[in-house]
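Examination of the molecular architecture
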Amino acid sequence: MQVTSGAAQGSILGPDLWNATYDEILKIEMPHDTYLVGSADDIAAVIKAWSINEAESKLRQTMIRTKRWLDEHDSKLTYSKQIEYATTKAAKIPSQLSSLMANIGGPLPSRRKILMEASTSILLYGSEIWAPALKACAMERHKISIVKQQSGPQTEYARAAREETLEMWQLRWQNERSGKWTHKLVANVRSWYSKNHGEVNYYVTQMSTGHGYFRKNLHRMGKCSTPYCIYEEEVVDDAQHTFFKCNRWREQRQLLETEIGNVASGNIAIKMMETEANWKAVAKYAEYVLRTKKLDLDMNP
């Protein structure tokens, strides 16, 4: 049968056309105690086995034979729609599951990676079928990249590409109008990119972005009546003031400086990246300050 056009999804003719076109696939010879069942526009493989290994072996044979039939009868078959659907669905999963791991006082980013396992299972659904095609595309791209790398070994090409990317990133970072506070803390993109330790948690994020328990920020969003510090009158309360100037946290700053040396907005990120101990000390300082400050802000909105 020569297929010249399709039927709209949900149409009355859809099931009949599917039956007429794909009825043969249900008659493919399968391994012992294995057969295909058609349901709507889906095909399920029913396998009887005495062990998981036997079931996996039969499943692989089933997929190979099914794929061979599809290749012979549908030369236009691609997996672009499947990949688009899977990626769209997988992208929604972390946000839907994020309520299980609160952002405020929640687990570290390394623990949040558990959420990605759900996305991974969706992305890899049916990968036994489409993985060979994807691998073929990857091999083709690899061949193209080799052609582009004729001037030197692949590692040198990759290193040069990374260096170029970092330079472009640094230039954009220097010219960026927003994020000036973050730029003040981390002026060098390469040093941050190359760090080998430290996780950015909820409190370190507030300190490094200036968005959080700071009255200047809250006042701009209409969350409080004044931008001034609750501990020092007529002083604008921002990240700079909170962590490096406010007298309320002088004792905590002194304790921090006994561990890592003098701190200021221009060097605190550098000190954090020097050692893991320094990173943890600053993270502990930020958490203590912001946790305590939030309680005070809640009492003085």
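Residues numbered from 1 in each chain as written. Predicted model: local features only at pLDDT ≥ 70, side-chain atom pairs only at ≥ 80, totals over all residues. Heavy atoms only, no water.

Within the protein one finds 15 helices and two strands. Each of the 301 residues in the protein was classed as buried or not, and the buried ones make up 28%. Excluding contacts between residues fewer than 6 apart, the proportion of contacts in the protein whose partners are at least 24 apart in sequence is 52%. Surface exposure of the protein reaches about 20,700 Å², of which carbon and sulfur atoms provide 55%. (Helix = DSSP H or I, 4+ residues; strand = E, 2+ residues; numbered from the N terminus. Buried < 20%, exposed > 50% of the residue type's maximum accessible area, 1.4 Å probe, protein only. Contact = heavy atoms within 4.5 Å. Areas by Shrake-Rupley, 256 points an atom, 1.4 Å probe, with all protein chains shown as cover.)

Counting 33 residues, the largest nonpolar core has Met207, Phe243, Leu256 and Val282 as the members making the most contacts within it. Elements represented by at least two residues in this core include exactly α8 (180-185), α10 (202-209), α12 (239-244), α13 (250-260), α14 (268-274) and α15 (276-299). Broken down by element, the residue count for this core peaks at nine residues, all from α15. The residues contacting Val282, other than those within four sequence positions of it, are Met207, Leu256, Ile260, Ile268 and Met272. Counting residues in hydrophobic clusters, the runner-up holds six residues, among them Ile28, Met30, Leu36 and Leu70. (Core = buried A, V, L, I, M, F, W, Y, C linked by side-chain atoms within 4.5 Å.)

Another point: helix α5 (residues 114-123). For α5, the full list of buried residues reads Leu115, Ser119 and Ile122. Buried residues along α5 cover an arc of 55 degrees about the axis, so they all sit on one side. Relative to its buried face, α5 has exposed residues pointing more than 90 degrees away, namely Ile114 and Glu117. (Arc of directions from axis to C-beta.)

What follows covers the pattern of salt bridges. Applying the stated rule across the entire model yields six salt bridges. As a salt-bridge pair, Asp298 and Lys294 come within 2.9 Å of each other at their nearest N and O atoms. Of this pair, Asp298 and Lys294 both sit in helix α15, four residues apart, which is roughly one turn of that helix. (Salt bridge = Lys/Arg side-chain N within 4 Å of Asp/Glu carboxyl O.)

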